[in-house]
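Here's the letter readout for the chains.
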Amino acid sequence: MAYLSDPKETIAVLQRYQFNFQKKFGQNFLIDGHVVDKIIAAAEITKDDVVLEIGPGIGTMTQRLCEEAGDVIAVEIDRNLIPILTGDTCKDYKNLRVINEDILKLDLRDVLFEYGFRPVKVVANLPYYITTPILMKLLEERLPVVSITVMVQKEVAERMETGPGTKDYGALSLAVQYYAEPYLAANVPPNCFMPRPNVGSAVIRLTLHDKPPVSVQDEKLMFALIRASFNQRRKTLVNGLCNAQELTVTKEQVTEALAELGFSPTVRGETLTLSDFARLADALGKMR
Ligand code: SAM
């Protein structure tokens, strides 16, 4: 069988099916075998694994995943790609199930129950236009996901990894770090894709924590505080939190909670660590 990581094969498949790239689905297919190798290595796939691939495209990574993993579930929104995957490029793999669905609408719990709710490794070259909602779904829905190894826009990978005091630090950094340990596995230039994206890319691996690194009484309140403080980044934390619609806290309460934590009333959210936000949520939670 011909491997698609050879660009000539990708071009042949695209021509055979007269496939038109759909910009609205973020279609930038991988055409570099070394990058596929790096993603598979970073994901540490073994024959015991159930792998969930989001957006298999014409199957470039899917082929390799089917060879390395026990079971592969591939979720693809574009119905024009389904006959290519199931009738051509991946037709010989008995351990592959292709689901023609929008990953954001799919009930992943139901699907994973069919695989005995065994631990799942997620591997994907993500559609960049919905990177954050996909990651939040995977992190928040209490699925049996053990790791997420994904290609994302380089800038987004940097946001996931960074800590307080940098311009990239924000709600995504804190959410990712609450649920997982991020590790930047590779930088990938635009010429590894067809068509070329106009941004740099990176492979990031998120290894999910068994238990969050900080404890907090009310997780929802902590994330509401995080969202509110980064929505109004330039404001002081006190003003950002008091103006937020999803919170009902007064200026006095926030000032008092900050004082309890040893922060000045003019502190900005971008200087607080995950553990500071957890302590702030606990302090405000007690007052409400
Ligand atoms: N994995 C392929 C590769 O590396 O060559 C394709 C990657 S391409 C960046 C993103 C893929 O995600 C496309 O195949 C696109 O059709 C698919 N996609 C976009 N939005 C999706 C969604 N909401 N649910 C499932 N798949 C989606």
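Residues numbered from 1 in each chain as written. Predicted model: local features only at pLDDT ≥ 70, side-chain atom pairs only at ≥ 80, totals over all residues. Heavy atoms only, no water.

A.B. asks: I'd like a description of the overall build of the protein chain, backed by residues and values.
C.D. replies: Looking only at helices and strands, one finds 12 helices and 9 strands in the protein chain. With respect to the principal axes defined by its C-alpha atoms, the protein chain has extents near 65 × 40 × 30 Å. Counting over 288 residues, the protein chain shows a buried share of 52%. Pairs at least 24 residues apart make up 68% of the contacts formed inside the protein chain by residues separated by at least 6 positions. On the protein chain, roughly 13600 Å² of surface is accessible, and the fraction owed to carbon and sulfur atoms is 48%. (Helix = DSSP H or I, 4+ residues; strand = E, 2+ residues; numbered from the N terminus. Buried < 20%, exposed > 50% of the residue type's maximum accessible area, 1.4 Å probe, protein only. Contact = heavy atoms within 4.5 Å. Areas by Shrake-Rupley, 256 points an atom, 1.4 Å probe, with all protein chains shown as cover.)

A.B. asks: I'd like a description of the sheet that holds strand E5 (residues 120-125), backed by residues and values.
C.D. replies: If you walk across this open sheet you meet the 7 strands as E4-E3-E2-E5-E6-E9-E7, and the pairing is mixed. Pairing within the sheet leaves two strands with one partner each, and these edge strands are strand E4 (96-100) and strand E7 (180-188). Strand-to-strand twist of the sheet, defined as the mean angle between neighbouring strand axes without regard to direction, takes the value 15°. The pairing of strand E6 (residues 145-153) with strand E9 (residues 201-208) spans 7 bridges and is antiparallel. What sits directly across from valine 150, in E9, is isoleucine 204. (Pairing = 2+ DSSP bridges. Axes fitted to C-alpha atoms, helices over the stretch in contact; angles between N-to-C directions.)

A.B. asks: Please set out the site of the ligand residue by residue, giving values where relevant.
C.D. replies: Every one of the 24 residues lining the ligand counts as a neighbour, but Leu30, Gly55, Glu76, Asp102 and Asn125 are closest to it. A total of 600 Å² of accessible area belongs to the ligand in isolation, and the protein chains cover 99% of it. Of all the secondary-structure elements, those providing two or more residues to the shell around the ligand are strand E1 (29-30) and strand E3 (71-76). (Near = heavy atom within 4 Å.)

A.B. asks: Give a description of the domain arrangement of the protein chain that names residues and reports values.
C.D. replies: Considered domain by domain, the protein chain is made up of domain 1 (7-208) and domain 2 (219-287). Here the C-alpha centroids of domain 1 and domain 2 sit 35 Å apart. Both faces combined, the contact of domain 1 with domain 2 buries some 980 Å², and carbon together with sulfur accounts for 65% of it. Together, Tyr169, Leu174 and Tyr178 form the three largest contributors to the area buried by domain 1 at its contact with domain 2, with a combined 51%. (Domains from an automatic or database assignment. Buried area = accessible area lost by both parts, 1.4 Å probe.)

A.B. asks: Outline helix H8 (residues 171-179), supporting the account with residue identities and numerical values.
C.D. replies: With 8 of 9 residues buried, H8 lies mostly within the body of the structure. Turning to H8, its buried residues number three or more, namely Leu172, Ser173, Leu174, Ala175, Val176, Gln177, Tyr178 and Tyr179. Buried positions along H8 lie against helix H6 (131-140), helix H7 (154-161), E7, E9, helix H9 (219-231) and helix H12 (274-287).

A.B. asks: I'd love a proper account of the packing of helix H11 (residues 251-261) against H12, names of residues and values included.
C.D. replies: Between H11 and H12, whose axes approach to 9 Å, the crossing angle comes to 130°. The angle between H11 and H12 falls in the class oblique. Relative to H12, the crossing made by H11 is right-handed. Here H11 contributes Gln253, Val254, Glu256, Ala257, Leu258, Glu260 and Leu261 to the contact with H12, which in turn contributes Asp276, Arg279, Leu280, Ala283, Leu284, Lys286 and Met287. (Parallel < 35°, antiparallel > 145°, perpendicular 65-115°, else oblique. Left-handed = near helix turned anticlockwise from the far one by under 90°.)

A.B. asks: Break down the environment of proline 182 for me, with residues and values.
C.D. replies: Its location among the elements puts proline 182 in strand E7. By relative accessible area, proline 182 is classed as buried at 15%. A C-alpha to C-alpha distance of 9.8 Å links proline 182 and glutamate 158, two positions 24 residues apart in sequence. Each residue touching proline 182, except ones within four places of it in the same chain, is listed here: Met160, Glu161, Val176, Gln177, Ile204, Arg205 and Leu206.

A.B. asks: Can you break down unusual backbone geometry residue by residue, with the values?
C.D. replies: Excluding glycine, residues mostly have negative phi values, and the peptide bonds linking residues are mostly trans. With an omega dihedral of -15°, the bond running from methionine 194 to proline 195 counts as a cis peptide bond. The residue proline 195 is located in the loop between strand E8 (193-194) and E9 in this model. A positive phi is found at glutamate 44, a non-glycine position, where the angle reads about 50°. Summarising the element assignment, glutamate 44 is placed in the loop between helix H2 (33-43) and strand E2 (50-54). Residues other than glycine seldom take positive phi values, yet phenylalanine 117 does so here, at roughly 55°. With respect to the helices and strands, the residue phenylalanine 117 is situated in the loop between helix H5 (108-113) and E5.

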